[in-house]
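So you can see what is in the structure, the chains are spelled out below.
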Amino acid sequence: MASRYPGGTNSRNVTMKYKQPILWAALCLAVGMAAGALQADSLKEWYPYLNKPGLTPPDWAFPVAWTILYVLMGFSIGLARNSSHPGRKALTGVFLAQLAVNFLWSMAFFVMRSPAARLGLISVLFLLLLIYAWKSRPINRISVSFRALYPLGRFRLVPQFFHFPPELTHDTMRTVHK
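Here's a quick rundown of the structure. (Residues numbered from 1 in each chain as written. Predicted model: local features only at pLDDT ≥ 70, side-chain atom pairs only at ≥ 80, totals over all residues. Heavy atoms only, no water.)

1. Brief notes about the overall build of the protein
The number of helices and strands found in the protein is eight helices and zero strands. The order of α-helices and β-strands along the protein, N terminus first, is α-α-α-α-α-α-α-α. The buried share of the protein, reckoned over its 178 residues, is 35%. For the protein, the proportion of contacts with a sequence separation of at least 24, taken over those separated by at least 6, is 78%. (Helix = DSSP H or I, 4+ residues; strand = E, 2+ residues; numbered from the N terminus. Buried < 20%, exposed > 50% of the residue type's maximum accessible area, 1.4 Å probe, protein only. Contact = heavy atoms within 4.5 Å.)

2. Examining unusual backbone geometry
Positive phi, normally seen in glycine, also occurs at Arg113, with a value near 55°. Mapped onto the secondary structure, Arg113 falls in the loop between α4 (88-112) and α5 (115-136). Take Arg113: its relative accessible area is 7%, and that puts it in the buried class.

3. Remarks on a nonpolar patch on the surface
Together, Trp60, Val64 and Ile68 make up a nonpolar patch on the protein surface, roughly 360 Å² of accessible area in all. Note that Ile68 resides in helix α3 (residues 61-82). (Patch = residues over 30% accessible without salt bridge, like charges linked within 9 Å, V, L, I, M, F, W, Y side chains within 5 Å. Areas by Shrake-Rupley, 256 points an atom, 1.4 Å probe, with all protein chains shown as cover. Salt bridge = Lys/Arg side-chain N within 4 Å of Asp/Glu carboxyl O.)

4. A closer look at α5
The end-to-end C-alpha distance of α5 is 31 Å, a good match for the 32 Å that 22 residues give at a rise of 1.5 Å each. Along α5, the residues that are buried comprise Arg118, Leu121, Ile122, Leu125, Leu128, Leu129, Tyr132 and Ser136. Looking straight down α5, one finds its buried side chains confined to an arc of 130°; they lie on one side. Turned more than 90 degrees away from the buried face of α5 sit Ala116 and Trp134, all of them exposed. (Expected span 1.5 Å × (residues − 1). Arc of directions from axis to C-beta.)

5. With respect to the nonpolar core
Residues Ile77, Phe95, Leu99 and Phe109 are the most contacted members of the largest nonpolar core, which totals 28 residues. Secondary-structure elements contributing two or more residues to this core are α1 (11-38), α3, α4 and α5. Looking at which element gives the most residues to this core, the answer is α4, with nine residues. In this structure Ile77 touches Trp24, Leu91, Thr92, Phe95 and Tyr132, once residues within four positions along its chain are discounted. (Core = buried A, V, L, I, M, F, W, Y, C linked by side-chain atoms within 4.5 Å.)

As structure tokens, then:
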């Protein structure tokens, strides 16, 4: 049967090519949705009362932006996983580690409201992102560019929210909203 696609590929090869990025994007979205569910109360009861910088986007923009970022993250590792490069397994391990740290950062920021944990986790996340960029460069350069967009949102939150007013601590907010 003659190929319908340029380069001699058939529909099965095209489907397999996109399977990895789509599956990894789904995993990233699931992690993001789990974090969102666990931090939902904090997003209503605590986050709106923080003294945020003037350039903070409106609340509706966050789920849109993070959905796009999680899809790009999934595509990043999915494209790398499609490669036959021997370093792709190690890259997958680094990716899974940074995905776990990303989830933990959300818990530290929104659920625990712990400045020390946030700072420690963002430092680990930054290191893992550098390792990921370095290891993915020979495998798939597009992966590096997708992942490069991600840290902008996380890193800008560290200095503004390292200290929050005592009246907005975790325990006080529980008392106020009972």
